[in-house]
Amino acid sequence: MKLTSNDALNMLEEIRKEVENDHWIDHSICVGNSAGKIAESLKLDVDFAKTLGYIHDIGKKINGPKNHSVNGYY
Ligand SMILES: [Fe+2]
């Protein structure tokens, strides 16, 4: 199953309900939306770019910013 940008966005909004600090979620949404605009201007896959932008900091759900790139991989 392929994760779509809508799936990723819905996932972030569900996570927002669980975390104390949701600034990184707002940041991730901005990154995803910006990535989508850049992809559109370059005629690349807009949904794929938005999806990756939305989930790029997903590891912060586990332990905040500490080791979030490693946590995001898992
Ligand atoms: Fe980030």
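The structure reproduced in this document is the subject of the present report. All of these numbers come straight from a predicted model, not from anything done at the bench.

1. Structural notes on helix α3 (residues 46-55)
Now for step 1: For α3, the set of buried residues is A49, K50, T51, G53, Y54 and I55.
Now for step 2: Where α3 is buried, its residues touch α1 (5-16) and α2 (23-41).

2. Observations regarding the nonpolar core
Now for step 1: If you look at the biggest cluster of nonpolar residues, it comprises 6 residues: A8, L12, W24, I25, Y54 and I55.
Now for step 2: Counting residues per element, the ones that place at least two in this core are α1, α2 and α3.
Now for step 3: When residues no more than four places from it in sequence are discounted, the contact partners of A8 are L3, T51, Y54 and I55.

3. Remarks on unusual backbone geometry
Now for step 1: If you check the backbone angles, K43 has positive phi at about 60° while not being a glycine.
Now for step 2: Its location among the elements puts K43 in the loop between α2 and α3.

4. Section: the packing of α1 against α3
Helix-helix packing is characterised by the crossing angle of the two axes and by the distance between the axes.
Now for step 1: Between α1 and α3, the shortest axis-to-axis distance is 8 Å and the interhelical angle comes to 20°. When the interaxial angle is binned, α1 and α3 end up roughly parallel. As for how α1 packs across α3, the hand of that crossing is left-handed. When α1 is examined against α3, the residues S5, A8, L9 and L12 are found in contact with a partner set consisting of D47, K50, T51, Y54 and I55.

5. What about the environment of P65?
Now for step 1: Structurally, the position occupied by P65 is in the loop between α4 (60-63) and α5 (68-73).
Now for step 2: Residue P65 is classed as exposed on the basis of its C-beta count, with 12 C-beta atoms lying within 10 Å.
Now for step 3: Sequence-wise, P65 and W24 are 41 residues apart; in three dimensions their C-alpha atoms are separated by 8.9 Å.

Quick notes on the rules
Residues numbered from 1 in each chain as written. Predicted model: local features only at pLDDT ≥ 70, side-chain atom pairs only at ≥ 80, totals over all residues. Buried ≥ 20, exposed ≤ 12 C-beta atoms within 10 Å, placed from the backbone. Helix = DSSP H or I, 4+ residues; strand = E, 2+ residues; numbered from the N terminus. Contact = placed C-beta atoms within 7 Å. Core = buried A, V, L, I, M, F, W, Y, C linked by C-beta atoms within 7 Å. Axes fitted to C-alpha atoms, helices over the stretch in contact; angles between N-to-C directions. Parallel < 35°, antiparallel > 145°, perpendicular 65-115°, else oblique. Left-handed = near helix turned anticlockwise from the far one by under 90°.

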